[in-house]
Amino acid sequence: MKITKICCIGAGYVGGPTMAVIAQKCPDIQVTVVDLNEQRIADWNDPNPDNIPIYEPGLSEIVAEARGRNLFFSTDVDKAIDEAEMIFISVNTPTKTYGKGRGMAADLKYIELCARQIARVAKQNKIVVEKSTLPVRTAEAIKSILDNTGNGVQFQILSNPEFLAEGTAVADLLNPDRILIGGDVTVEGQEAINALVDVYANWVDKDKILTTNVWSSELSKLTANAFLAQRISSINAMSELCEKTGADVNEVARAIGMDSRIGPKFLKASVGFGGSCFQKDILNLVYIAKSYGLNEVADYWEQVIIMNDHQKRRFSNKIVQTLYNTVADKKIAFLGWAFKKDTNDTRESAAIYIADDLINEQAKISVYDPKVSRVKMQADLNYLETRSEEGNNDSLDTFNNAYEACKGAHAVAVLTEWDEFRTYDWQKIYDSMHKPAFIFDGRNILDSKHLESIGFVYNGIGS
Ligand code: NAD
Ligand code: UDX
């Protein structure tokens, strides 16, 4: 079966970039990305491709090339479902904030709504692709909804989790380590798998396209994120021990990373991992393990989150302690608010939690981030509901310029590893600050020797 029309439900950080790349690489396939959020779709359709709602290096160029040719963004979900042979579900699956599994399980209400809408609209057979990250065995629930509420047409459910990382989404999509497709072992299931393999084979080597059963595919996504996050918590745990013993975590990471069994990637000690995926997916894994009565498995993975929370709290405590045990009315300049460089995404960013801790200590936070707006920073703090919105607004100052943000500060804290921070005129920043001028480098990206020669009191992670 050859696919000619694809619909993707969800125009977010995954749906947008993924479909833009499919459209670019498969000019014969019409790709329509739909969303309930009218503003988001309007932003994707902004005549100036630089104004699309998601910042990812290289993305606006791809959108500019494909949009209007075979890539479309629309709010007409029914029409796109009706026309497509293959429908990707790429909606959000956040941690539940209510009811059973609150704070742990994935909230599948958006997934269920999609399934019911597809069932209602579909008049021909469809292949439904799970692109969202889902608990293992979700395909069973989707299939049940489709078969019980549909119009008697046949549905094949595939699992095709997305492994892109934000900030490198385009590069990851163009050159993925692997594509994973899980499907039924029946003849129809295999046909559906082959149809999706053929889409990716337009630009990905066949030997990188892995096919499995549905459950292995669903569980592999949670497993991959758990392993990745575990590496960060492992190196962060060592960073605390390094600080006590005179070892340097950068040197330790280098030494262990040269062991080919360990490998050098994902060993960067930091203020703690953020992003919309790691915490959510591990909590979900812990919840699933508990629901099968596997308490040791659940406890094992939960420790990754406990360690990450500790690392964030440790960073804010260190700032307070170092500043003579009080930051009340002191200006602390934050360089970076995004959860990592090269993205405007702030979900679960460590910066939010560090700011919240310091505001509790009555500090004044002044922030510069090259891609994050003040409105978003305020919303992030308000979401925590620690204090009134006025309280947050009064404690937060934002700047379009790092030098302004640092002027008159008692300390600078680096929360995101944006490249531009490395090349600043640090002498100029030092001259404008209160003395002693402290730096807390939550990403270990600055040249500590140079900063100390200027006069800064430098604090990195794990040394
Ligand atoms: P997102 O919040 O950026 O986008 C989801 C979009 O879906 C939103 O725009 C929302 O309005 C829309 N939506 C929700 N319900 C809808 C419905 N019924 N009909 C139409 N639109 C609807 O989320 P995201 O970051 O793109 O993540 C999507 C999924 O992909 C999640 O399951 C996530 O775990 C997974 N994932 C994310 C990443 C990442 O880096 N962000 C990477 C891999 C996998
Ligand atoms: C992650 C996975 O990498 C990706 O495969 C999956 O599809 C979605 O979740 P993402 O969250 O976008 O991607 O970015 P990632 O590069 O994994 O970084 C996550 C967090 O870990 C960031 O806050 C980053 O700064 C931090 N990190 C990463 C470290 O602290 N140290 C490291 O060595 C690597």
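As a convention, each chain's residues are numbered from 1 in the sequence order in which they are written. The naming scheme follows written order: chains are lettered A onward, ligands numbered 1 onward. Only residues with pLDDT of at least 70 get local features here, since the model is predicted, and only at 80 or more are side-chain atom pairs given and counted; chain-wide, interface and lining totals rely on the full set of residues. Here the side-chain values reflect all heavy atoms present in the structure, with hydrogen atoms and water set aside.

Per an unreviewed UniProt entry, the chain goes by UDP-glucose 6-dehydrogenase and derives from Flavobacterium quisquiliarum. UniProt positions are given in the numbering used here, feature names are shortened, and annotations may be inferred rather than shown by experiment. Recorded in UniProt under Catalytic activity (unreviewed entry), the annotation for the chain is "UDP-alpha-D-glucose + 2 NAD(+) + H2O = UDP-alpha-D-glucuronate + 2 NADH + 3 H(+)".

K.L.:
In this structure, what is going on with the side chain of Asp-35? I would like to understand it.
P.N.:
Secondary structure follows DSSP: runs of H or I at least 4 residues long count as helices, runs of E at least 2 residues long count as strands, and numbering of each begins at the N terminus. With respect to the element layout, Asp-35 can be found in the loop between strand E2 (30-34) and helix H2 (38-44). In this structure the side chain of Asp-35 is engaged in a polar contact, spanning 2.7 Å, whose partner is the backbone nitrogen of Ala-11. Of the polar contacts made by the side chain of Asp-35, one reaches the backbone nitrogen of Asn-37; its length is 2.9 Å. Contacts are residue-level and defined by heavy atoms, with any inter-residue pair within 4.5 Å sufficient. If near-sequence neighbours (up to four positions away) are discounted, Asp-35 is found in contact with Gly-10, Ala-11, Gly-12, Arg-40, Ile-41, Ser-74 and Thr-75. The definition of a polar contact used here is a pair of N or O atoms within 3.5 Å, where within protein one atom must be able to donate a hydrogen and the other to accept one, and adjacent residues in sequence count solely through side-chain atom pairs.

K.L.:
Looking at this structure, how should I read the packing of helix H13 (residues 350-360) against helix H14 (residues 374-384)?
P.N.:
Two numbers describe a pair of packed helices, the interaxial angle and the distance between the axes. Here the axes come from fitting lines to C-alpha atoms, over the contacting stretch only for helices, and the angles between their N-to-C directions go from 0 to 180 degrees. At their nearest, the axes of H13 and H14 sit 10 Å apart, and the two run at 65° to each other. Considering their axes alone, H13 and H14 lie roughly perpendicular with respect to each other. Taken as a pair, H13 and H14 cross one another with a handedness that is right-handed. Mapping the contact onto sequence places Ile-352, Tyr-353, Ala-355, Asp-356 and Ile-359 in H13 and Asp-380, Leu-381 and Leu-384 in H14. Each angle receives one of four descriptions, namely roughly parallel if under 35 degrees, roughly antiparallel if over 145, roughly perpendicular if within 65 to 115, and oblique otherwise. Each crossing is labelled by how the near helix is turned from the far one, with a counterclockwise turn of less than a right angle marking it left-handed and a clockwise turn marking it right-handed.

K.L.:
Would you take a moment to explain the UniProt feature "domain: UDP-glucose/GDP-mannose dehydrogenase C-terminal" (unreviewed entry) in the chain for this structure?
P.N.:
When the UniProt feature table is mapped onto this chain, "domain: UDP-glucose/GDP-mannose dehydrogenase C-terminal" (unreviewed entry) is found at residues 333-448. Taken end to end, residues 333-448 comprises 36% helix and 17% strand; its first and last C-alpha atoms sit 18 Å apart.

K.L.:
What should I look at first to understand the sheet that holds strand E13 (residues 438-441) in this one?
P.N.:
Each strand in a sheet pairs with another by means of backbone hydrogen bonds, the pair being arranged parallel or else antiparallel. Strands qualify as paired when DSSP identifies two bridges or more between them. Taken in spatial order, the 6 strands of this open sheet run E11-E10-E9-E12-E13-E14, and their pairing is parallel. Each having just a single partner strand, strand E11 (396-399) and strand E14 (457-459) make up the two edges of the open sheet. With strand direction ignored, the average angle separating the axes of adjacent strands in the sheet is 20°. Two strands pair when backbone bridges link them, and E13 and E14 are joined in this way by 3 bridges, in the parallel orientation. Looking at the pairing, Ile-439 lines up with Tyr-458 of E14. Relative to E13, helix H12 (residues 295-322) is tilted by about 170°, and along the sheet it contacts strand E9 (331-335), strand E12 (411-414), E13 and E14.

K.L.:
So what exactly am I meant to see when it comes to the site of ligand 1 here?
P.N.:
We call a residue near a molecule or strand as soon as one heavy atom of that residue lies within 4 Å of the molecule or strand. Inspection of the region around ligand 1 gives 25 residues, with Asp-35, Arg-40, Thr-93, Glu-166 and Lys-280 positioned closest. With respect to ligand 1, the side chain of Arg-40 contributes an N or O atom lying 2.8 Å from an oxygen atom. Thr-133 places a main-chain nitrogen or oxygen 3.0 Å from an oxygen atom of ligand 1. Residue-level accessible areas treat just the shown protein chains as cover; the underlying method is Shrake-Rupley with a 1.4 Å probe. Taken by itself ligand 1 offers 830 Å² of open surface, and the protein chains cover 93% of this. Gly is placed with the polar residues, together with every amino acid not listed as nonpolar (Ala, Val, Leu, Ile, Met, Phe, Trp, Tyr, Cys and Pro) or charged (Asp, Glu, Lys and Arg). When grouped by side-chain class, the residues that make up the shell around ligand 1 number 9 nonpolar, 9 polar and 7 charged.

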